[in-house]
Amino acid sequence: MSEFKPISPPQWAFLASECYEVLYGGAAFGGKSLCLIIDAIRQIDHPRYLATIFRRQYSELEELIGYGKEYYPPLGGVQKEGGRDWHFPSGARILFRQMEHPDDWRKFMGRNTTYLAFDELVSFTREQYENLQIWNRASASGLNCYVRATTNPWPDPRGDGIDWIMERFDIPKYKPIVDSIYSEEVVNTDAGDFKVNKAFIPATYRDNPVGIENNPAYLSHLSRLPDPYMRRAYLNGVWGVSPGSYFDCFDGRIHVLDHDEVLEKMNQDLLMKAAGLDYGVTAPTAALFAAQTLDTTTYIYDEYYQANKPIMYHAPKVLAMAEGGRMPIYCDPSMGSRGNKYVSFTDKTVLDHFKDYGLNIRLATNYSKRADAYAVIREAMYFDKELDTVPEPKLYISRRCKHLLEEIEQAQKDVNNPDVVDNDGVLHSLAALRYLIMHIRTPKAQKKYRDISNTPAGVLRRLRNKKSVNLYAR
């Protein structure tokens, strides 16, 4: 008989949590999968209890099955289906299942699953995770429903990335997480408002001293991972950077500033302002507002983002943010085309309609090609801590520009053309940044004039400019 004892405070916190949703995630080798096996037994004395622990593929169930065979028989568990099903004396059941295909969640519709768990959440789609919660319900009194998940902070191509997970559990980016994060979501329903309590429990390799003792070379393997971001994710539990990221030079701790800080830096220098606009009929219309200083530093200080609205809705709002008609706004060249479908029922282009509202809107020129614009953005972001003289980045973004920040982090390299972003047609704020970055201008330095009013040259100038007076004029 094996005896389980939590080996770290995070494991204790995970097993003791009463929150509805809990994610135990972070660095590799934290003992996360075993925690799901143990946590699933908390209500096995109830005859109507059903727990289901999911992995994405059948082959990945092997570890869970092995843990089940080690810990469930002493509790009266009887295995069926080769260890994929466990039946207990009360009638309670614990099942291990896979969801290999995106729509496989439909196979589990209608079941009253009390305990719903996902091992390695990044391998699942958001739809699988959220839709199965519809059947996270109790079929009898005396049962409490829970959702539990474990994961590493590194995307899996079978899943939907990590951004939705970070947003759901309020996980910060770019830094190791030490303390648990507790949050509360208020859900409005016809039956009233309900509070959903959630928790994120960070995991590190330090949580598993027994595993490290038995595998002394494991840390060296993690430390030798060639990808520095993967190394930080698996070794230190750092979230926020995806493999294949186009803007791998982007660092939220460096390039993202609080809005007040952006305004403060802008007010210290002469500015030239401009905006970029990407228009969508039903897709989002995005506009970015920026200022460039004498040293060519660009500050993106505000953002407009709204989907499925007409020009008459967008234009007045963009006009107000663009300081009336003074600020130049650069847009997609196709907005001036008379060959698009929009002008088949009117003699005006999209550009003309925006101009009718007083916007100083201009077409981005041909040199705003995607590869060129992306190269300029990357160049402006660049900084290197390893250089003796660290160049400061030339691009900073206000924290309020959340859609732009999300799209910068989502942007992946096109495998066929690594100089551009893959599928960037859906990245509307990023498109606005392309038009803007290629056209914003540096302010001209004010000329300093020497005061010569009290010098001989100044006296001669005054005498030369002095007008003659007719003393006899009436």
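(A) Representation of the overall build of the protein within the structure. Counting secondary structure elements, the protein contains 16 helices and 16 strands. Residues classed as buried in the protein amount to 47% of the 474 residues present. Summarising the internal contacts of the protein: among those between residues at least 6 apart in sequence, 67% fall at separations of at least 24. A total of about 24800 Å² of accessible surface is found on the protein, and carbon and sulfur atoms cover 50% of it.

(B) Representation of the environment of Leu277 within the structure. Within the secondary structure, Leu277 is located in strand E11 (residues 272-278). According to the relative accessible area criterion, Leu277 is buried, its value standing at 0%. Between the C-alpha atom of Leu277 and that of Ala287, which follows or precedes it by 10 residues, the distance is 4.4 Å. In contact with Leu277, other than residues within four places in its own chain, are Thr285, Ala286, Ala287, Ile329, Tyr330, Cys331, Asp332, Met335, Phe354, Ile361, Ala432 and Tyr435.

(C) Examining the side chain of Asp85 more closely. When you line up the elements, Asp85 lands in strand E4 (residues 85-87). Accessibility expressed as a relative area gives 11% for Asp85, which makes it buried. A distance of 2.8 Å separates polar atoms of two side chains, one belonging to Asp85 and the other to Arg97. Each residue touching Asp85, except ones within four places of it in the same chain, is listed here: Val78, Gln79, Lys80, Ile94, Leu95 and Arg97.

(D) The arrangement of the pattern of salt bridges in detail. Taken as a whole and assessed by the stated rule, the structure comprises 22 salt bridges. With a closest N to O distance of 3.0 Å, Glu185 and Lys198 form a salt bridge. Placement of the pair is Glu185 in strand E8 (residues 181-189) and Lys198 in strand E9 (residues 192-203), with a sequence separation of 13 residues. Among the salt bridges present, the one from Lys394 reaches Asp295, with a minimum N-O distance of 4.0 Å. Placement of Lys394 in the loop between helix H13 (370-381) and strand E16 (395-398) and of Asp295 in the loop between strand E12 (285-292) and strand E13 (298-306) is noted, with a sequence separation of 99 residues between them. The class for Lys394 is partly exposed, based on a relative accessible area of 32%. Judged by relative accessible area, Asp295 falls into the partly exposed class, the value being 40%. Taken together, the shared-partner salt bridges connect Arg55, Glu60, Asp119, Asp156 and Arg158 into one network.

(E) Broad picture of the sheet that holds strand E15 (residues 361-363). Judged by pairing direction, the sheet is mixed, and its seven strands sit side by side in the order E10-E16-E13-E12-E11-E14-E15 without closing on themselves. On the outer flanks of this sheet lie strand E10 (256-257) and E15, each paired with one strand and no other. By the bridge criterion, two bridges tie E10 to E16 in an arrangement that is parallel. By the bridge assignment for E16, Leu257 is matched with Ser398. Running over the sheet, helix H11 (residues 311-321) touches E12, E13 and strand E14 (329-331) and is turned about 160 degrees from E13.

(F) Quick peek at the pairing of E9. Judged from the six bridges that link them, strand E1 (residues 21-26) and E9 form a sheet pairing that is parallel. From the neighbouring strand, Leu23 faces E9, where its bridge partner is Phe200. One ladder, built from nine bridges, connects E8 with E9; its direction is antiparallel. Each bridged residue has a counterpart across the sheet, and for Asn188 the counterpart in E9 is Asp193. Between E8 and E9, which pair antiparallel in sequence order, lie two residues.

(G) Quick look at the side chain of Thr285. Topologically, Thr285 is positioned in strand E12. In this structure Thr285 touches Leu277, Asp278, Tyr279, Gly280, Tyr304, Tyr305, Gln306 and His314, once residues within four positions along its chain are discounted.

(H) Representation of a nonpolar patch on the surface within the structure. A cluster of nonpolar side chains, Val459, Leu460 and Leu463, forms an exposed patch at the surface whose accessible area comes to about 270 Å². Along the chain, the position of Leu463 falls in helix H16 (residues 456-465).

(I) Highlighting the packing of aromatic side chains. Under the defined criterion, the tally for this structure stands at 16 aromatic pairs. Ring geometry for Phe118 and Phe124: centres 5.2 Å apart, planes at 80 degrees, overall edge-to-face. Classification of Phe118 by relative accessible area gives buried; the value is 0%. With a centroid separation of 5.6 Å and 15 degrees between ring planes, the pair formed by Tyr299 and Tyr396 is classed as stacked. Note that Tyr299 is positioned in strand E13 and Tyr396 in strand E16, a separation of 97 residues in sequence. Note on accessibility: Tyr299 and Tyr396 belong to one class, buried.

What counts, and where the lines are drawn
Residues numbered from 1 in each chain as written. Predicted model: local features only at pLDDT ≥ 70, side-chain atom pairs only at ≥ 80, totals over all residues. Heavy atoms only, no water. Helix = DSSP H or I, 4+ residues; strand = E, 2+ residues; numbered from the N terminus. Buried < 20%, exposed > 50% of the residue type's maximum accessible area, 1.4 Å probe, protein only. Contact = heavy atoms within 4.5 Å. Areas by Shrake-Rupley, 256 points an atom, 1.4 Å probe, with all protein chains shown as cover. Polar contact = N/O pair within 3.5 Å; in protein donor to acceptor, adjacent residues only side chain to side chain. Salt bridge = Lys/Arg side-chain N within 4 Å of Asp/Glu carboxyl O. Pairing = 2+ DSSP bridges. Axes fitted to C-alpha atoms, helices over the stretch in contact; angles between N-to-C directions. Patch = residues over 30% accessible without salt bridge, like charges linked within 9 Å, V, L, I, M, F, W, Y side chains within 5 Å. Phe/Tyr/Trp six-rings, centres within 6.5 Å; stacked < 30°, edge-to-face > 60°.

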